[in-house]
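Here is how the chains run, residue by residue.
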Amino acid sequence: MEQLNFDLKYRPKSLEEIVGNRTTVEYLGNLLKGKFPGFTIFAGPPGSGKTTAAFITAMSLLCENQTNGKACGMCETCKLLKEELYVKGNTSPVSGLYMFDMGPNTNQEYVNNISRNIGTKSIRGKKIILLEELQSVRKEYQQSLLRTLEFIPEDVHVIVTTSEPYKILDALQSRAIEVKFSYPTTKETTELIRSIAEKENIAIKVNDIKSLISFHEGNPRKILKSLETIKQAGTVGIELITNPKKEERLMIDNFFNSIDKGMEEFVGFIDDLDDKVKFILSLKYFFKDMIKSTYVGIEGISKEEVEIFKRASARFDNDEIYRILEKLTNLPYLNEEDAEVIIILLGQSFSSKIEYEAVNTNPMEIKASVEDVMGKIENITESMKATSGVIDLNEI
């Protein structure tokens, strides 16, 4: 059987299973016990549970044996929706739940199709129309929907989800019952992570849990995706998720180590680079971070990274760092060949052990390429006037 993503595998199947949002869950439960509104708006930040709550609501409304506002989970409709929502991740009209992704490319024909669906009955009696992220739709299309939503048939329920309710027309909002969602508390999210980690045999420390919550700003969906990565990559996965720059900094440390060891190691390093243009960009940001680490420090970096910055800083005085950074910042558009020449130039300027003639290719071709690129960047190895004055760290 295909392995489910964590966001599907651990998606709540009832209101009671929703993490956090207790006041909202209680309010929604009361709505389901009575006459559920024809038009509701589920509003909250991305990953806060709006769509999941909409699924649970739809299952309760479409259930053949609903009791006290809750789905039975056993009838044919419930079984079909469970298969679609918790395994496949999408629905079919047969279930009675119609989902529409309201992206920025929505056009009038798409909106007209939605209006037709709202205005026609389902073979199952009730019909749920789920419009996801309506705020992305242009105002004229929202206006077009407004006319349809003023006359919703009795057995049709329209649920809108939105992460930016202020972008939805006031006229639409005034006709809907709003159900507000938020992220769980840190304590609630911590308990969720621990519960899933235990079920998945993931070893995770308290500080790593805090780092995950902080890095993803409490977004449960993103946290679950990261837990999948951690399960596959272990503690290395935690490092790369909460500190994605670390891998780049390690690569640059290897760059400096290779030029210290000599030409053979250096050429091997260059040959192993999958994307030389990206490496140049990484190098630029590395030097920016080096300045930050010196003047204001950088939060959330590991001891290993602190040592990398220390070793790199020992190679240059401040004037040299600014000169290098200025040249890297003002580089023209590069292709892979240009980037390789720049890396060679930097290697030579950083270490006397690196010589062009030792590169395993035609020296004349390299010298010609060097002249061409150096002409564009005003000769990256030439001494420049030292940068002076106060550094504006907001510009770095």
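Above this text is the structure in question.
Residues numbered from 1 in each chain as written. Predicted model: local features only at pLDDT ≥ 70, side-chain atom pairs only at ≥ 80, totals over all residues. Heavy atoms only, no water.

### So, the packing of aromatic side chains
Here is step 1 of the chain: With the rule as written, the count across this model stands at eleven aromatic pairs.
Here is step 2 of the chain: A ring pair is formed by phenylalanine 100 and tyrosine 110, whose centres lie 6.0 Å apart and whose planes are at 80°; its orientation type is edge-to-face. Residue phenylalanine 100 is located in strand β2 (residues 97–101), and its partner tyrosine 110 is located in helix α5 (residues 108–119); the two are separated by ten residues in the primary sequence.
Here is step 3 of the chain: Judged by centre distance (6.1 Å) and plane angle (90°), the ring pair of phenylalanine 286 and phenylalanine 287 falls under edge-to-face. A single burial state applies to phenylalanine 286 and to phenylalanine 287, both of which are buried.
Here is step 4 of the chain: Pairwise contacts between aromatic rings join Phe255, Phe256, Phe266, Phe269, Phe279, Phe286, Phe287 and Phe309 into one cluster.
Here is step 5 of the chain: The ring of tyrosine 98 is capped by lysine 127, whose NZ or CZ atom sits 4.8 Å from the centre of that ring. (Phe/Tyr/Trp six-rings, centres within 6.5 Å; stacked < 30°, edge-to-face > 60°. Helix = DSSP H or I, 4+ residues; strand = E, 2+ residues; numbered from the N terminus. Buried < 20%, exposed > 50% of the residue type's maximum accessible area, 1.4 Å probe, protein only. Lys NZ or Arg CZ within 6 Å of the ring centre and 35° of its normal.)

### Observations regarding the side chain of glutamine 142
Here is step 1 of the chain: Looking at the secondary structure, you find glutamine 142 in helix α6 (residues 139–149).
Here is step 2 of the chain: You can call glutamine 142 buried: its relative accessible area is 0%.
Here is step 3 of the chain: Not counting chain neighbours up to four residues away, the residues in contact with glutamine 142 comprise Leu134, Gln135, Val137, Lys167, Ile168, Leu169 and Leu172. (Contact = heavy atoms within 4.5 Å.)

### Quick look at a negative patch on the surface
Here is step 1 of the chain: Side chains of Asp271, Asp272, Asp274, Asp275 and Glu336 sit close together on the surface and give a patch of like negative charge.
Here is step 2 of the chain: Here aspartate 275 shows up in the loop between α13 (263–272) and α14 (276–295). (Patch = residues over 30% accessible without salt bridge, like charges linked within 9 Å, V, L, I, M, F, W, Y side chains within 5 Å. Areas by Shrake-Rupley, 256 points an atom, 1.4 Å probe, with all protein chains shown as cover. Salt bridge = Lys/Arg side-chain N within 4 Å of Asp/Glu carboxyl O. Lys, Arg positive; Asp, Glu negative; His and termini not counted. Charge placed at Lys NZ, Arg CZ, Asp CG, Glu CD.)

### Observations concerning the environment of lysine 276
Here is step 1 of the chain: Mapped onto the elements, lysine 276 comes out in helix α14.
Here is step 2 of the chain: Taking the C-alpha atoms as reference points, lysine 276 and glutamate 336, 60 residues apart in sequence, are found 5.8 Å from one another.
Here is step 3 of the chain: Setting aside anything within four residues of it in sequence, one finds lysine 276 in contact with Ile270, Glu336, Ala339, Glu340 and Ile343.

### Remarks on the sheet that holds strand β4 (residues 156–162)
Here is step 1 of the chain: Spatially, the five strands line up as an open sheet ordered β2-β3-β4-β1-β5, and their pairing is parallel. Each edge of the open sheet is held by one strand with a lone partner, namely β2 and β5 (177–180). Strand after strand, the sheet turns through a mean of 20° between neighbouring axes, direction not considered.
Here is step 2 of the chain: Direction of pairing for strand β1 (residues 39–43) relative to β5: parallel, over a ladder of four bridges. Along β5, the bridge assignment pairs alanine 43 with lysine 180. (Pairing = 2+ DSSP bridges. Axes fitted to C-alpha atoms, helices over the stretch in contact; angles between N-to-C directions.)

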